[in-house]
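A look at the structure
Here is how the chains run, residue by residue.
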Protein chains: 6
Amino acid sequence: MRFDEGYSGKVFIMSRDTHEDADAIIYGMPMDWTVSFRPGSRFGPNRIREASIGLEEYSPYLDRHLEEVHYFDAGDIPLPFGNAERSLGMIKEYVQKIVDQGKFPLGLGGEHLVSWPIFEVMFDKYPDLAVIHIDAHADLRVEYEGEVLSHSTPIRKVCENYGAENVYSFGIRSGMREEFQYAKESGMYMARYEVAKPLQEILPTLKDRPVYVTIDIDVLDPAFAPGTGTAEAGGITSKELLEAIHAIAKSDVRVVGADLVEVAPVYDHSEKTPIAASKFIREILLGWVKK
Amino acid sequence: MRFDEGYSGKVFIMSRDTHEDADAIIYGMPMDWTVSFRPGSRFGPNRIREASIGLEEYSPYLDRHLEEVHYFDAGDIPLPFGNAERSLGMIKEYVQKIVDQGKFPLGLGGEHLVSWPIFEVMFDKYPDLAVIHIDAHADLRVEYEGEVLSHSTPIRKVCENYGAENVYSFGIRSGMREEFQYAKESGMYMARYEVAKPLQEILPTLKDRPVYVTIDIDVLDPAFAPGTGTAEAGGITSKELLEAIHAIAKSDVRVVGADLVEVAPVYDHSEKTPIAASKFIREILLGWVKK
Amino acid sequence: MRFDEGYSGKVFIMSRDTHEDADAIIYGMPMDWTVSFRPGSRFGPNRIREASIGLEEYSPYLDRHLEEVHYFDAGDIPLPFGNAERSLGMIKEYVQKIVDQGKFPLGLGGEHLVSWPIFEVMFDKYPDLAVIHIDAHADLRVEYEGEVLSHSTPIRKVCENYGAENVYSFGIRSGMREEFQYAKESGMYMARYEVAKPLQEILPTLKDRPVYVTIDIDVLDPAFAPGTGTAEAGGITSKELLEAIHAIAKSDVRVVGADLVEVAPVYDHSEKTPIAASKFIREILLGWVKK
Amino acid sequence: MRFDEGYSGKVFIMSRDTHEDADAIIYGMPMDWTVSFRPGSRFGPNRIREASIGLEEYSPYLDRHLEEVHYFDAGDIPLPFGNAERSLGMIKEYVQKIVDQGKFPLGLGGEHLVSWPIFEVMFDKYPDLAVIHIDAHADLRVEYEGEVLSHSTPIRKVCENYGAENVYSFGIRSGMREEFQYAKESGMYMARYEVAKPLQEILPTLKDRPVYVTIDIDVLDPAFAPGTGTAEAGGITSKELLEAIHAIAKSDVRVVGADLVEVAPVYDHSEKTPIAASKFIREILLGWVKK
Amino acid sequence: MRFDEGYSGKVFIMSRDTHEDADAIIYGMPMDWTVSFRPGSRFGPNRIREASIGLEEYSPYLDRHLEEVHYFDAGDIPLPFGNAERSLGMIKEYVQKIVDQGKFPLGLGGEHLVSWPIFEVMFDKYPDLAVIHIDAHADLRVEYEGEVLSHSTPIRKVCENYGAENVYSFGIRSGMREEFQYAKESGMYMARYEVAKPLQEILPTLKDRPVYVTIDIDVLDPAFAPGTGTAEAGGITSKELLEAIHAIAKSDVRVVGADLVEVAPVYDHSEKTPIAASKFIREILLGWVKK
Amino acid sequence: MRFDEGYSGKVFIMSRDTHEDADAIIYGMPMDWTVSFRPGSRFGPNRIREASIGLEEYSPYLDRHLEEVHYFDAGDIPLPFGNAERSLGMIKEYVQKIVDQGKFPLGLGGEHLVSWPIFEVMFDKYPDLAVIHIDAHADLRVEYEGEVLSHSTPIRKVCENYGAENVYSFGIRSGMREEFQYAKESGMYMARYEVAKPLQEILPTLKDRPVYVTIDIDVLDPAFAPGTGTAEAGGITSKELLEAIHAIAKSDVRVVGADLVEVAPVYDHSEKTPIAASKFIREILLGWVKK
């Protein structure tokens, strides 16, 4: 008696009914416990799904239709409120399951800290992994207000645990002096302010490498994505982020997983942020998930 | 790999995992095709579910906990956009299934016209059915702008097809002169402006009868429920609607089904309308659904 | 080629096409130049008209239909921005014309100061006039920040120019100490916090007198009318204001004109304030305008 | 006693008082009955007019003043709610009248389907007409959910009835695979994603031809026009749309009519969408309407 | 060069310039780290201050003027983000200072957990203290999701540490079964759903006792206070809360401190919640602070 | 007992505690009395300060940290409501004090008219001053609706009193024909539509001159800054305004003062306008204020 086809308001459009024959798993991580300025991203995944019903299933950019991709929207991981450590543990365990089955994990945040346990799983599976990090913020803090687990620290943790030379950040326009200094000295790659152009220069150097892509929606200017916790003026357009997604799709890297984080619907009554996010997810499904 | 416990953002809190052992079925009817003034109730069911995660599972009013009730949230019926006739057919078919299995149908609208096919199923099953209709609007039009299937006509259709004497309307404060005249002459019962007090007078007269209750959220004053299409000033408070729900729960009528309609989230950025609606649904589950 | 019937979004529903055979004239006064806290009422009249298309044309409260009343919506007076003195002059001149033709002036504000020139015209025509003033604020200041023409002064000016004993204020819950002192000593009538009950007591004492009624929408609690400049917690419900309007309709006073002021739509995205205001205007048309 | 000059909140600024000596007629088409995702454009025309009072009457882009153009804002056509067929008939009849008098029809939507009856009138009058279609969506569906009359079908109907080679679409970034296929095979012109540049290339090829221009506001990115039903990320800027309007103004085509559709104010509390739309209308009046 | 008089948007109206001669200290506690559903109350204190500029300085209810009360608005305590324990420590230390100087602490939240360290200070100073707790929620949990420091636990901690018989809760309409059971068995007083009436019955029993009052704004119905994290339908009106404040003012209890918590402005674009809150603070200053 | 460090919600982040050792003074001018279309900028300064708490203190654009700049946020000047003349007098007097002490005045509006008294002080001190004016509107009116003191006149007054050849306007896209004519004939410099590019051409010609910069936030497109009174479609991006600020920072002009005006928060619920404005202020502090 479940309604499994058509509009249901519960899952991303065109989700399969079971995970078994799916090549990709969409899963939500409704966590915003460590957010410093304006929380609310715990409601992001549900609204991205809701907005997806306004999407066409076909992409003229990629000339591909969602029915050509097998994916399953598993819902949100039931993260325990306020407990960052246990939440990250649950995310890690779940993504491990996805990866063990050879499927593509496509995560919806939630705050950016959710990417950290995913990075752990991915580097464990793909030791030669490269991380493409598209964001307004460097996220290179060692700690935030004395807290090591913070939405400002995940990229630093990747650098320190898996090698800064495997991190490629794009669009960065905010951070502490120390973070920018670290970016310069650590050997990581960082493109400031822009995304599409520097990405097109870097992609050939990553040829055939497994790549995990993490996108913080606040890389967009608040004009395009007001629904986020730490909106930062001076960002890129939705058009440029689409270009970046398409550049990756058409490159020779092997995308093995991705996430889109920090959609906080309450700050955006026009719902343009989840509307844009749902389109990015569609293009990621169509462009990055291979059989 | 589905996440079945805790917060998922997809179903009403504490929904069981399957319909099989459920005594009640929650189902959404995301339809607003015939709405004359301000559409948007097609998004009502999803937001009522989302708001339910802010609820306690226990009601101090009824001293009962949701775990004592067995219900399954089946999601939204995938109604074909813009096609009222086919939509009503699908609703009828689905509710028939619920009723055939002896379960309590608890519908979430959508516009008020969705109640019409439910009435058909219910009267078919319970020929001595009484309808309790709580609403700002009489909904007694013969047609609306030449259209027989309209959100202004469902109660008239009940009167004409199943006997006006079986209809009990409460809280009515808007309608055409003809509708109020019809109310007087047809033999139906209509209480204007108020709900809780007249309901307490009527309930004893319905002792042991099967009763179907349809609640249009706009019976509340726009102060309490701005998120609705045809908001009408001068309504009742949330407190009075709770009293009405509790009066029914404590009466000797046999509630055999219910719906709550016309929540249109876009007009209410504070989300107080879905927040209130989700509480009403909780109280209905706790007070009206018996094993 | 003008569209004169049905929904046009331009005039209050059911407005006649010309002023000639109209018994009442609706006119807007889009002025908010002297507002101290939150301006925006200049957009009030247009939104009240727009909201009127969601209204039924029949009132079950008064059992009367708008087609039984002859009124013409003349649009907004083109007041010169920022010039209070000239604006008031234009309002006076216009209302004089309405009154000279024996018609009922029904004004839509705009800030409360717009009522002052109307009072002048009305007292000139009806020397035995009584003013019924329904408001959260006493509006009894001599001046506001050195300015005699302010939205805080109109009632004081009536008292001083036409006799405090002719002023009856209801619902007052805010003002300076001096205003409340003046209320006590001047001989005017003032009912604090409540409207319907004290009004029902006063109305018999005004039997057969010509009465002008000025309603400031902020007499409602901000829950019912958030769309106003100086929202003041602790107000009355829409239901109580409807009762007050109906009490006047059913009394033996002779209402000779009225206004409804201070609707400022920008603070109310749910539009519940213009929606309620349009209903009050309908009830005023049906209850107070006689042939 | 009507107020005919200055700000009235009822008509587009600087509208003449009668249609007789007008070269262009502005008219509203408040219809959104066939909208699939988020309705609300029925309120578009009134809000575009309201926003026009914030406009300067002079355009520095075109060095022209609204007093140099004779136009009359006729208000909204009183379309019967929910009845698409009868609504389209009324639009057709009305535009026929405008065109019969040799005037320029400038329509305000309403959903995009309203353009279909206008196309019929225009092709009838100008058999060599070219249609410039600026939109995010291809609008080339044969039907939508079994419905031939839908806001997704109007351009397809033009192609099939009047020749695909006479249709020039710009800015298209969404549609079904079949629509893009049809665009390729049918002989119509379609520029994806961009508007100003491809338009400047096409305009010389249309020299001296009568041209009708239909603009769907959703060609803008939701950052610029969130107030629309089917917002689609990745769109153009307001600047680019202004450039396109000016390119047409300065070209050698003969614009014989135009419309701007799909403004749905409820999704945009900042009112930036009607504010932008009113500027586009001003530029169209100044640039496209000739004596 | 600081601006110390008139409107500054920084402090509650009529705040003195220094704390030295103040009888009461207003201080903000911008903390919402443990909030389970919808965070945002960290912005409450600033918006309550901003809204205060719209207030009259005189209360007609109490016939008293703010200039008769000496108070100093000290600003917000600079609480360390995300660290509940350290935040509570800073609050305790600060309130201790206020109390040591014999002043009345008037706190603005922030989430309800901020009251816990205040209770500790107050009971330490006044061993015979009674706590009046006005709230929608029982706040009687032992822990919340394994966390002892949560906005759901402060009242329980008072009961356990200082005696349940010293706690008087009013307006409670939400909680777990265990909380209501504890309320019954522990010896505390709890009035469900209502505030003003039961309070008037209890106050005489507290004659001459030192009393601390904690008000959670969500005791109001969401119609009156949508700007709060855990809005709960079925609440009281602003009028009733004003009555309660005035009943305490006129009683024989000795109020020695108070707080108002859980104002979360982001959910309330009309700003009616901070507007109401600022009025409650004015009445508290005028009614409860004695020389 | 004042809280002087950390987040207080009262002053711009990292403000010093006293003005004495400050090189720059931030001050608010909460005035919007002469605004013609949509008022509300009186609340701008407080919200810009509130938004500043979301900012990093370091700028990667300028590689400079706020602790390297000594500035003091003095709060808002307590301007008398509705009295433009007296308000301007107070602003003039205050800025005179700042300038007399050799400090950099950094003003937050408020409507644009507030810049006029500042211009007077600055030209008095620096007879060879050049004014850089970044705005959507020419602000070159002689009067507005008969009023010489209007937010549409300040730049004209500079031209007439201090020489049009000292005025450099950028980004202008709206005004009366007369204003654009005056711009051409008067000898002033005006760049239409664009800011960054023409500014980079002009800056070398201003080498070593003292320069005052006035920025009207509405130079941004409403997509980037909806929170302003006279939003005008077709504007620049936040990115371009940042480029302009940085171009000035890196040029050889000597910036001696600046203001940012017309932020009106009520039209922007996402708060992206104050968020962007606070970033511009940070960049101005870091780039323009020298020891």
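This text gives an overview of the structure that appears in the document. Just so it is clear, the structure is predicted and the values come from calculations on it, not from any experiment.

Reading the values: the criteria
Once a new chain begins, its residue numbering starts again from 1 and follows that chain's sequence as written. Lettering of chains starts at A and numbering of ligands starts at 1, both following the order in which they are written. Thresholds applied to this predicted model are a pLDDT of at least 70 for local features of residues and 80 or more for the giving and counting of side-chain atom pairs; totals over whole chains, interfaces and linings are not thresholded and use all residues. Note that water and hydrogens are dropped before the side-chain values are worked out from all heavy atoms of the structure. Helix numbers and strand numbers start at the N terminus; a helix is a DSSP run of H or I with at least 4 residues, a strand a run of E with at least 2. Using a 1.4 Å probe on the protein chains alone, a residue whose accessible area is under 20% of its type maximum counts as buried, one over 50% counts as exposed, and one in between counts as partly exposed. Contact criterion: two residues are considered in contact whenever any of their non-hydrogen atoms come within 4.5 Å of each other. When DSSP finds two or more bridges between a pair of strands, those strands are recorded as paired. Alignment of the copies relies on least squares applied to C-alpha atoms, considering only residues that score at least 70 for pLDDT in both. Residues scored as positive are Lys and Arg, those scored as negative are Asp and Glu, and His as well as the terminal groups of each chain are ignored. A pair is scored as a salt bridge if a Lys or Arg side-chain nitrogen falls within 4 Å of a carboxyl oxygen belonging to Asp or Glu. The definition of a polar contact used here is a pair of N or O atoms within 3.5 Å, where within protein one atom must be able to donate a hydrogen and the other to accept one, and adjacent residues in sequence count solely through side-chain atom pairs. In this analysis, rings of Phe, Tyr and Trp, with Trp reduced to its six-membered ring, are considered paired at centre separations within 6.5 Å, and the interplanar angle assigns stacked below 30 degrees, edge-to-face beyond 60, and tilted for intermediate values. Charge-over-ring contacts are defined here by two conditions on Lys NZ or Arg CZ: a distance within 6 Å of the ring centre and an angle within 35 degrees of the ring normal. Think of each axis as a best-fit line through the C-alpha atoms, taken over the contacting stretch in the case of a helix, with angles from 0 to 180 degrees between the N-to-C directions.

Note on placement: Lys239(C) falls in helix α7 (residues 238-250). Among the residues examined, Lys239(C) registers a relative accessible area of 26% and is labelled partly exposed. Those residues in contact with Lys239(C) that sit more than four places away from it in its chain are Tyr193(B), Gly234(B), Gly235(B), Ile236(B) and Glu240(B).

In this section: the pairing of strand β6 (residues 130-134) of chain D. Residues and elements named next belong to chain D. Across the five residues that make up β6, a large majority, five, are buried. Residues Ala130, Ile132 and Ile134 line one face of β6 and the alternating positions Val131 and His133 line the opposite face, and both faces are buried. Relative to strand β9 (residues 210-216), β6 is paired through five bridges, and the arrangement is parallel. Residue pairing across strands places isoleucine 132 opposite valine 213, the latter belonging to β9. Bridge analysis of β6 against strand β7 (residues 167-172) gives four bridges, and the strand direction is parallel. The residue bridging isoleucine 132 from the neighbouring strand is tyrosine 168, located in β7.

Moving on: the relation of the copies chain A and chain F. At an RMSD of 0.0 Å, chain A and chain F line up after a rotation of 120° and a shift of 0.0 Å along the axis. Read as a symmetry element, the transformation amounts to a three-fold axis. Relative to the rotation axis, the closest C-alpha in chain A is found at Ala223(A), a distance of 3.0 Å. By residue overlap, the copies meet through two different surfaces: only 15% of the interface positions of chain A are interface positions in chain F.

This part covers the side chain of Asp221(F). Inspection of the secondary structure puts Asp221(F) in the loop between β9 (210-216) and α7 (238-250). Comment: no salt bridge for buried Asp221(F); closest opposite-charge side chain is Arg173(F), at 5.3 Å. A distance of 2.8 Å separates a polar side-chain atom of Asp221(F) from the backbone nitrogen of Gly234(F). Here Asp221(F) is in contact with Phe224(D), Ser238(D), Arg173(F), Ala233(F), Gly234(F), Gly235(F) and Ile236(F), once residues within four sequence places are set aside.

Considering all chains together, one arrives at 54 aromatic pairs over all chains under this definition. With a centroid separation of 5.4 Å and 45° between ring planes, the pair formed by Phe170(C) and Tyr189(C) is classed as tilted. Of the two residues, Phe170(C) sits in strand β7 (residues 167-172) while Tyr189(C) sits in strand β8 (residues 189-192), which places them 19 residues apart along the sequence. The class for Phe170(C) is buried, based on a relative accessible area of 0%. Every member of this aromatic cluster is reached through a ring pair, and the members are Trp116(A), Phe123(A) and Tyr162(A). Directly above the aromatic system of Tyr182(C) lies the positively charged group of Arg156(C), at a separation of 3.8 Å from the ring centroid.

All names here are of chain D. Here we have eight strands laid out as an open sheet, ordered β4-β1-β5-β10-β9-β6-β7-β8, and parallel in their pairing. Only two strands of the sheet have a single partner each, and these edge strands are β4 (71-76) and β8 (189-192). Adjacent strand axes in the sheet meet at a mean angle of 15° when their direction is disregarded. Seen against the sheet, helix α4 (residues 154-162) touches β6 and β7 and runs at an angle of roughly 155° to β7.

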